[in-house]
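# Examining the three-dimensional arrangement
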Amino acid sequence: MTGSPYVPHSAEETAAMLEAVGVDDVTELFDVPDPVRFEGDLDIDARSEPEIRTEIDALLSRNDDLTEFLGRGHYDHYVPSVVDRISARSEFLTSYTQYQPEVAQGFLQALFEYQSMLVELTGLPVANASMYDAATALGEAALFASRVRETSGSTVLVPEYVRDERVSVLENYGAGADITVERVPSAKGTVDTSALMGAANEDTLAVYAENPTTRGTIEPDLDAIGDVAHDNDALFVLGSDPVALSLLERPSDVGADVVVGDASVLGMPTSYGMGLGMFATREDFLRQVPGRLVGASEDDAGFRAFTLTLQTREQHIRRERATSNICTNQAWVALRTAMHVAALGPEGLLETANRMVSLASDVAERLDEIIGVRAPVDDRHHFREFVAHTDQPARAIVDDLAAQGFAIHAVGEHEVQVCVTETNEGSIDDFIAAFREVAQ
Amino acid sequence: MTIHYDQARWSDAEDDIYEPLLPEKSQQTVAVEDSPLPDDLTRDSVTLPDLSEPELSRHYVRLSQHTYGVESGPYPLGSCTMKYNPPFAEEVASVDDAFVHPDRSAASTQGTLALLYRLQEYLAEIGGMDAVTLQPPAGAAGEFTGIRIAAAYHEANGDHERTEVVVPDTAHGTNPASAAVAGYDVVEIPSEDGRVDLDALEAAVGDTTAAFMLTNPNTLGVFERDIEAIAEIVHDAGAPLYYDGANLNALLGRVRPGDMGFDIMHYNVHKTFGTPHGGGGPGAGPVGVVSDLVEFLPDPHVRQSDGGFELYTPERSIGKVHGFSGNWLVLIKAYAYIARLGEEGLLDTSAKAVLNANYLASQLDLDVPYEPFHHEFVASADDLDASDLAKRMLDLGVHPPTTKWPDIVDEALMTEPTESESKRTLDQLADAFNTAADEDEEILESAPNRTTARRIDQTSAARNPRLSWQALDD
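Since the model is a prediction, treat every value here as computed from it, not as a measurement. Residue numbers restart at each chain and count upward from 1, following the sequence in its written direction. Chains carry letters from A onward and ligands carry numbers from 1 onward, assigned in written order. Two thresholds apply to this predicted model, a pLDDT of at least 70 for residue-level local features and 80 or more for giving and counting side-chain atom pairs, whereas whole-chain, interface and lining totals are computed over all residues. Values reported for side chains reflect all heavy atoms of the structure, with hydrogen atoms and water molecules removed beforehand.

On to the UniProt feature "domain: Aminotransferase class V" (unreviewed entry) in chain B. UniProt positions are given in the numbering used here, feature names are shortened, and annotations may be inferred rather than shown by experiment. This chain's UniProt record puts "domain: Aminotransferase class V" (unreviewed entry) on residues 157-274 of chain B. Secondary structure content for residues 157-274 of chain B is 28% helix and 23% strand, and the end C-alpha separation is 39 Å. Note on conventions: DSSP H or I runs of at least 4 residues are helices, E runs of at least 2 residues are strands, and numbering of each starts at the N terminus.

As a further point, take the UniProt feature "domain: Glycine cleavage system P-protein N-terminal" (unreviewed entry) in chain A. The positions that UniProt labels "domain: Glycine cleavage system P-protein N-terminal" (unreviewed entry) are, in the present scheme, residues 6-432 of chain A. Helix makes up 37% of residues 6-432 of chain A and strand 16%, and the two end C-alpha atoms of the span are 51 Å apart.

What follows deals with the domain arrangement of chain A. Residue and element names in this part refer to chain A. The domain architecture assigned to chain A consists of domain 1 (67-78 + 345-439) and domain 2 (81-340). As annotated, the domain borders come from an automatic or database domain assignment. Domain 1 and domain 2 are separated by 28 Å when their C-alpha centres are compared. Here, two residues are considered to be in contact whenever any of their heavy atoms come within 4.5 Å of each other. Each partner contributes to the interface: domain 1 provides 28 residues, whereas domain 2 provides 33 residues. Together, the buried faces of domain 1 and domain 2 total about 2,400 Å²; carbon and sulfur atoms form 54% of this surface. When two components associate, each loses some accessible surface as probed by a 1.4 Å sphere; the sum of these losses over both components is called the buried area. Among the residues domain 1 hides against domain 2, the three largest losses belong to R72, H74 and R380. Together they make up 26% of the total. The working definition used for a salt bridge is a side-chain nitrogen of Lys or Arg within 4 Å of a carboxyl oxygen of Asp or Glu. Linking domain 1 to domain 2 there are 3 salt bridges. The term polar contact refers here to a pair of N or O atoms within 3.5 Å; inside protein, the definition further demands a hydrogen-donor-capable atom paired with an acceptor-capable atom, and it admits residues adjacent in sequence only when both atoms are side-chain atoms. Remark: the boundary between domain 1 and domain 2 carries 12 residue pairs in polar contact (both at pLDDT 80 or more). Secondary structure elements with two or more residues in the side of domain 1 that touches domain 2: α12 (331-368), β14 (385-390) and β17 (415-419). A per-element tally of the side of domain 1 that touches domain 2 places α12 first, with 6 residues. Three classes are used, and their members are as follows: Ala, Val, Leu, Ile, Met, Phe, Trp, Tyr, Cys and Pro are nonpolar, Asp, Glu, Lys and Arg are charged, and the others, Gly among them, are polar. When grouped by side-chain class, the residues that make up the side of domain 1 that touches domain 2 number 10 nonpolar, 9 polar and 9 charged.

A few words now on the interface of chain B and chain A. Contact with chain B, which involves 195 residues of that partner, is made by 166 residues of chain A. Carbon and sulfur atoms make up 62% of the area that chain B and chain A hide from each other, which totals about 15,600 Å². Summed over the shared surface of chain B and chain A, the number is 8 salt bridges. Where R163 of chain A meets D103 of chain B, a salt bridge forms, and the shortest distance between an N and an O atom there is 2.7 Å. Our count for the chain B to chain A interface comes out at 78 residue pairs in polar contact (both at pLDDT 80 or more). Among the elements that take part in the side of chain B that touches chain A, helix α11 (residues 328-362) of chain B stands out by supplying 27 residues, more than any other.

Attention now goes to the state of the cysteines. Each disulfide is one covalent bond, formed between the sulfur atoms of two cysteines. Any pair of cysteine sulfurs within 2.5 Å is marked as a disulfide. Taken as a whole and judged by the stated rule, the model has 0 disulfides over all chains. With no disulfide of its own, C80 of chain B has C327 of chain A as its nearest cysteine by sulfur position, at a separation of 7.6 Å. Relative accessible area decides the class of each residue, using a 1.4 Å probe on protein chains only: under 20% of the type maximum gives buried, over 50% gives exposed, and in between gives partly exposed. A residue is classified by how much of its surface remains accessible, and C80 of chain B, at 7% relative accessible area, is buried.

Once that is clear, we can look at the domain arrangement of chain B. Along its sequence, chain B is carved into domain 1 (22-65) and domain 2 (88-340). One C-alpha centre belongs to domain 1 of chain B, the other to domain 2 of chain B; they are set 41 Å apart.

Here, patches come from residues exposed beyond 30% relative accessible area and free of salt bridges, joined within 9 Å for like charges and within 5 Å for nonpolar side chains (Val, Leu, Ile, Met, Phe, Trp, Tyr). Note on areas: Shrake-Rupley with a 1.4 Å probe; residue coverage comes only from the protein chains shown. His is not counted, nor are the chain ends, whereas Lys and Arg count as positive and Asp and Glu as negative. Lysine's charge is taken at NZ, arginine's at CZ, aspartate's at CG and glutamate's at CD. A cluster of acidic residues, D367, E371, D382, D383, D410, D440, E441, E442 and E445 of chain B, forms a negative patch at the surface. Take D367 of chain B: it is sitting in the loop between α11 and β14 (377-380).

Here we take up the sheet that holds strand β16 (residues 412-415) of chain B. All names here are of chain B. Pairing in this open sheet of 3 strands is antiparallel, and the strands run β14-β16-β15 from one edge to the other. A strand with exactly one partner marks an edge of an open sheet, and here the two such strands are β14 and β15 (402-403). Between any two strands, pairing holds if DSSP finds at least two bridges. Taken together, the 2 bridges between β15 and β16 define a ladder with antiparallel strand orientation. Bridge assignment links T403 to a residue of β16, and that residue is L413.

With that settled, consider the UniProt feature "domain: Glycine dehydrogenase C-terminal" (unreviewed entry) in chain B. The UniProt entry lists residues 350-447 of chain B under the feature "domain: Glycine dehydrogenase C-terminal" (unreviewed entry), expressed in the numbering used here. Taken end to end, residues 350-447 of chain B comprises 46% helix and 10% strand; its first and last C-alpha atoms sit 35 Å apart.

Moving on: the nonpolar core. Side-chain atoms within 4.5 Å link the members of a nonpolar core, which is a set of buried Ala, Val, Leu, Ile, Met, Phe, Trp, Tyr and Cys residues. Membership of the largest hydrophobic core comes to 290 residues, with the highest contact counts inside it found for L367, I408 and F435 of chain A together with Y60, F212, F273 and I332 of chain B. For F212 of chain B, the contacting residues outside a window of four places in its chain are V166, V167, P168, I189, V196, L201, I230, V234, P240, L241 and Y242 of chain B.

This part is about α12 of chain A. A helix is expected to span 1.5 Å multiplied by its residue count minus one. Helix length check: α12 of chain A (38 residues) gives 42 Å between terminal C-alpha atoms against 56 Å at 1.5 Å per residue, more than 12% under. Bending is quantified residue by residue as the angle between axes fitted to the seven-residue window ending at that residue and the seven-residue window starting at it. A maximum bend of about 100° is found in α12 of chain A at G345 of chain A, where proline P346 of chain A lies one to four positions downstream.

Pairs were defined over the aromatic rings of Phe, Tyr and Trp, the Trp ring being its six-membered one, requiring ring centres within 6.5 Å. Orientation was assigned from the angle between planes: stacked under 30 degrees, edge-to-face over 60, tilted for the rest. According to the stated counting rule, one finds 19 aromatic pairs over all chains in the structure shown. Geometrically, the ring pair formed by F144 of chain A and F285 of chain A is edge-to-face, given 5.7 Å between the ring centres and 80° between the ring planes. Taken together, the residues span a long stretch of sequence, with F144 of chain A in helix α6 (residues 134-148) and F285 of chain A in the loop between β10 (277-281) and β11 (294-298) at a distance of 141 residues. An identical accessibility class is assigned to F144 of chain A and F285 of chain A; each is buried. Measuring from ring centre to ring centre gives 5.4 Å for Y68 of chain B and Y75 of chain B, while their planes differ by 75°; the resulting arrangement is edge-to-face. Just as Y68 of chain B is buried, Y75 of chain B falls in that class too. One aromatic cluster in this structure is built from F69, F406, F431 and F435 of chain A.

The subject of this paragraph is helix α14 (residues 428-439) of chain A. All names here are of chain A. Between its first and last C-alpha, α14 extends 16 Å over 12 residues, near the 16 Å set by a 1.5 Å rise per residue. Of the positions making up α14, those classed as buried are I428, F431, I432, A434, F435, V438 and A439. Taken around the axis of α14, the buried residues stretch over an arc of 165°, which confines them to a single face. Projecting away from the buried face of α14 at angles above 90 degrees are the exposed residues D429, D430 and E437. Looking at the packing, one finds that the buried side of α14 touches α12, β13 (373-374), β14, α13 (394-403), β15 (406-407) and β17. Arc definition: directions from the helix axis to the C-beta atoms.

As structure tokens, then:
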């Protein structure tokens, strides 16, 4: 190969173009001083398509073929084939941000539909067109809180159960605005509201909780958490996901001011953590919302049309005074999520959610029957996942299960976490059998 | 003039006929009852679209036909690098072994780690950097990561007074926004003849400077040929020099940011390495650093271990900038793309990207005030409104350039054809530019007329925001 396979120029065309611009060689067009010119060789060999396919297949086949019972913020739901097929249409895949709405009506409408679905699921009237993932959406929510909260305050209270990784991202986002994060003890895997009450004060900027939690528990009293936040003039930020939201209490009904979370639980298979940050909030905070918003308008002929709107909040116009630095977001993932929600419809989505409650409780019950295992550890209702106590060290259980072809989390010295959805449901019997073998 | 690019249009006159996902056409409310959960933990009902799969399929195919992509026609959006995205990269990112959970052990995901490691190595080689993190999920996230690394570096040196990030007036909006999100005051310096004004830079940097952010070539497509002097001024002030990788396509295999004196950089793999933009994401914004900054990289980082690969936390890591490990599927595509091109392909890319920009500009009747430029140029629509001209180009079947930015050029048309356009396409694009520029203002102002929607009222969209179908019902 003598060049890029994606460069269409014939030798004659190149010659004609060089002549048109008045140079003999293309290197004359590079206005680069000699000392910074790269004269070396890049150590990168070109390969053919089949060679690269073979190479990547071989590389990735080094991943062990394990049946995953993993969750903790990244979930595997079955994605209908129609989503893969239609979202891969090149018009969707290869378009850019919709700066010329007249030729981007399709994508804009799809994003408008995505926003609408989140509005329905959260009960909050404003949803943006995506953030990167749940963790960065939480970081944005903290910065957002510092803009909209009426009095000063700089502490975000998070329950003990929140993943360290999520807290680390939150701390990175908060660092520049002098926001600090404080962990509040949990009880039974959910927020300990009296501990929360003790921790909250006039310095509290936002109170964060998750429903379901990272441990799979369902918060029994979200209203009380919201009240603590509001009694201290702080925002109540709730983390969730679209499957759970179809069944669990509506965030708007329990006083949530912001809903964040990962919406890619619909639309994407487990993709090593690649996500879709959800962000929804109240109407009075509209002008402080981070990220892109698609709005309905009209065209010159009087027909309904869609466009990016309120762009004066965004970095390309407001620069350092923007509500966020986000530019490229997760638009195509949002499109897939909207497709997946629409493919399930309200009945399918609700059925999936109910199934997540039943599966978690059934599997916990079956594990609990094994000698040396107690499940679930938390005396709560669960969604998709639960924590189990093991008499054997958790690490040994995890390793021994891996040897038998199953992946679960170790979350403590003697605690493991197990997540069940419709994609690993068929392996439950084998999983229980393997667990029985390694737990004793 | 022959124009080959046009969108499929379906319903010019009656555009409300076919919109099945809008609620009045298709919604269904389902009561939440018979749940395994008690009532006090559940909502009452949920209302969502309810369509059969054939209806759904048609709906989205129709929406795709109302969307202009790179395979619909040329897309010369300046600074966005809308080049061709090979389908094969999409295919290799869809193999079953790619779909793993991020909490899997390193031992059981050696394939994923091996690919990430190889991509880190490729990017380091291309950028002239010592190490690369793949965690940031987009270019702006890369900028934010880079600035957090600079902050950690200063902190480690006990250097607490560095409160400012300096950017040129030609910087992308994400640069000042990322610096501000990271807590810095932004100091903007003016350009001189389209390049960094060295005196202004010297005056702006000092003991309070945390970093200087620059792209090279800059957003005018102009190469900052004083880059060695710029690096010296910034380094003398004790600050790292940050490279915004948005324009890296122009330099592939010819100039490396590390060799120009940059200490931190981000790569926009969705621009330079041909991964699709997806209507605005997902992208990926890997960050490269020189050796002094490796210990500050985000957690975790991939390195080689005995006979394999492992994840580790760099000694003074800034922590995490993404909940898990970034946009993995995009990274596979970037790897496939780079592997397909190899060194010669990368060199050919920068050659043809620069040739195409120069050729297209030479065919235009419009003024291009700043030269010489590399892979993109900013033409001026002069006494015409750049937005109107762009709307007319839509009628002529092509996507217009980025308009009205950077604002140091009057009625700017920021144009980047990329290497994947042929001479014939460039000639058609030039025709569209020139035809539109020659037309009466009336025609421009009433354009577009041949697109799915006519000119859209942005003002009322912002004044009366309707952001969901629930708001439409009001």
